[in-house]
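Examining the three-dimensional arrangement
As a plain string of letters, each chain reads:
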Amino acid sequence: GTWAMIDSLLGGTKSMRAAGAAFMPQHTEESDNNFGERIASNVLFNAMELTLDHFVGRPFSDPVRLNNDVPDDIVEHAKNIDLQGNDITTFCRDWFRCGLSKGFCHVLVDMPSMNEEAVPLTLADDRADGRRPFWVRIEPENMIFAEADVIVDPQSGELREWFTHVRLRENIIQRIGFAEIVRERIRIIEPGFFQVWERVKPKGKKEQWMMIEFGETGIDFVPIVTFYSNRESFMVSKPPLEDLAHLNIRHWQS
């Protein structure tokens, strides 16, 4: 509910109008036509977005700087950290914005799928095939389940919370002829392996989930990092601007 409200506010006037009665109660005895006209003429003063952009702009007024001991490969990756043209500053700003607006936000360090004809076995193979890690921002509502244990970090020797099982919603749009079909998918990640399941409806049968991809990751942990802006417990965080969001909704209704 809270995340949907925040998404609608950040979507602006068009998004709030589309939400209709979700955030604009219909008056007693008000006709549907009058109600629709009232919503269609309303304009959002987006105090939520203005405040959020102000807070996000302050820590990212200067670009992210990497330390001198960062490996050259990672320095190069940082110029296009998500394989979509965004550098590390742009990506981290959007990650911070998501976490500040919704309380927390995740980043998955992913890797392109291996070539089935010639599976890379070494770093040299990966480089020859152009395969390298990249970051993917995971909105909190798309992590539908997670488990974690507190164990010793093998590098620092300190106790740290590590994911042991996650399920991520990964709906995609596929083009079939002139039609666009939404494929509902769930990615399961555990230390060492992953699976991708898709909701399918075989002809003459009921809908069911079918595993369409699986493989080994080659690492003994789940490569996901979570940024909390106001943590209360594991996967629970109160969005810092939630009260402002409710006030903004009240202003929209007035």
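The notes below deal with the structure included here. What you see is a predicted model, and the numbers here were worked out from it, not measured in a lab.

1. Overview of the environment of Asn142
Relative to the helices and strands, Asn142 resides in the loop between strand 2 (134-138) and strand 3 (143-152). For the pair Asn142 and Asn171, spaced 29 residues apart in sequence, the C-alpha to C-alpha distance is 9.5 Å. Once residues within four sequence positions are removed from consideration, Asn142 is found in contact with Arg167, Leu168 and Arg169.

2. Here we look at the sheet that holds strand 1 (residues 104-110)
Taken together, three strands build an open sheet; the order of strands is 2-1-10 and the sheet is antiparallel. Because the sheet does not close on itself, it has two edges, and the strands there are strand 2 and strand 10 (224-228). With strand direction ignored, the average angle separating the axes of adjacent strands in the sheet is 25°. Note: strand 1 against strand 10, five bridges, orientation antiparallel. Across the sheet, residue Leu108 finds its bridge partner in strand 10, namely Ile224. Strands in contact with helix 6 (residues 88-102) are strand 1, strand 2 and strand 10; relative to strand 1, the strand with the most contacts, it is inclined by about 145°.

3. Things to note about the side chain of Glu139
Relative to the elements of secondary structure, Glu139 occurs in the loop between strand 2 and strand 3. In this structure Glu139 comes out as buried when scored by relative accessible area, which is 19%. There is a polar contact of 3.1 Å between the side chain of Glu139 and the side chain of Arg137. Residues contacting Glu139, with those up to four places away along its chain left out, are Cys98, Lys102, Cys105 and His106.

4. Some points on the sheet that holds strand 7 (residues 185-190)
In spatial order, the strands read 3-4-7-8-9; together these five strands make up an open sheet with antiparallel pairing. The open sheet has two free edges, formed respectively by strand 3 and strand 9 (208-216), since each of these has just one partner strand. Mean inter-strand twist for the sheet, computed between neighbouring axes without regard to direction, equals 20°.

5. Structural notes on unusual backbone geometry
The backbone of Leu83 sits at a positive phi, close to 60°, despite the residue not being glycine. Taking relative accessible area as the criterion, Leu83 reaches 41% and is therefore assigned partly exposed.

6. Concerning the pattern of salt bridges
Taken as a whole and judged by the stated rule, the model has 15 salt bridges. The salt bridge partner of Glu76 is Lys79, with a shortest N-O separation of 3.3 Å. Across the pair Arg231 and Glu161 runs a salt bridge, and its minimum N-O distance is 3.1 Å. Taken together, the residues Arg231 in strand 11 (residues 231-233) and Glu161 in strand 4 (residues 159-169) connect sequence positions 70 residues apart. The structure contains a network of salt bridges with shared partners spanning Asp7, Lys102, Arg137, Glu139 and Glu141.

7. Details of the pairing of strand 7
For strand 7, a buried count of five out of six residues is recorded, marking the element as mostly surrounded by other parts of the structure. Note: strand 4 against strand 7, four bridges, orientation antiparallel. Bridging from a neighbouring strand, Arg167 pairs with Ile188 of strand 7. In this sheet, strand 8 (residues 193-200) lies alongside strand 7 in antiparallel orientation, the contact comprising six bridges. Each bridged residue has a counterpart across the sheet, and for Arg187 the counterpart in strand 8 is Val196. As consecutive antiparallel partners, strand 7 and strand 8 are separated by two residues, and within that stretch Gly192 has a phi angle of approximately 100°, a positive value.

8. Observations regarding the packing of helix 4 (residues 47-57) against helix 8 (residues 242-253)
Two elements in contact, helix 4 and helix 8, have axes separated by 9 Å at closest approach and are oriented at 150°. In terms of orientation, helix 4 lies roughly antiparallel with respect to helix 8. From helix 4, Ala47, Met48 and Thr51 reach across to helix 8, where they touch Leu244, Ala245 and Asn248. Residue composition of the contact of helix 4 with helix 8, by class: four nonpolar, two polar and no charged.

9. Topic: the nonpolar core
By size, the foremost hydrophobic cluster in this structure holds 28 residues, and its most contacted members are Leu9, Met16 and Met48. At the level of secondary structure, the elements contributing two or more residues to this core comprise helix 1 (2-10), helix 3 (32-41), helix 4, helix 6, strand 1 and helix 8. Examining the composition of this core, we find that six residues originate from one element, helix 6, more than from any other. Listed in part, the 15 residues of the second largest apolar core include Ile138, Ile189, Ile224 and Tyr228.

Cut-offs used in this document
- Residues numbered from 1 in each chain as written.
- Predicted model: local features only at pLDDT ≥ 70, side-chain atom pairs only at ≥ 80, totals over all residues.
- Heavy atoms only, no water.
- Helix = DSSP H or I, 4+ residues; strand = E, 2+ residues; numbered from the N terminus.
- Contact = heavy atoms within 4.5 Å.
- Pairing = 2+ DSSP bridges.
- Axes fitted to C-alpha atoms, helices over the stretch in contact; angles between N-to-C directions.
- Buried < 20%, exposed > 50% of the residue type's maximum accessible area, 1.4 Å probe, protein only.
- Polar contact = N/O pair within 3.5 Å; in protein donor to acceptor, adjacent residues only side chain to side chain.
- Salt bridge = Lys/Arg side-chain N within 4 Å of Asp/Glu carboxyl O.
- Parallel < 35°, antiparallel > 145°, perpendicular 65-115°, else oblique.
- Nonpolar A, V, L, I, M, F, W, Y, C, P; charged D, E, K, R; others polar.
- Core = buried A, V, L, I, M, F, W, Y, C linked by side-chain atoms within 4.5 Å.

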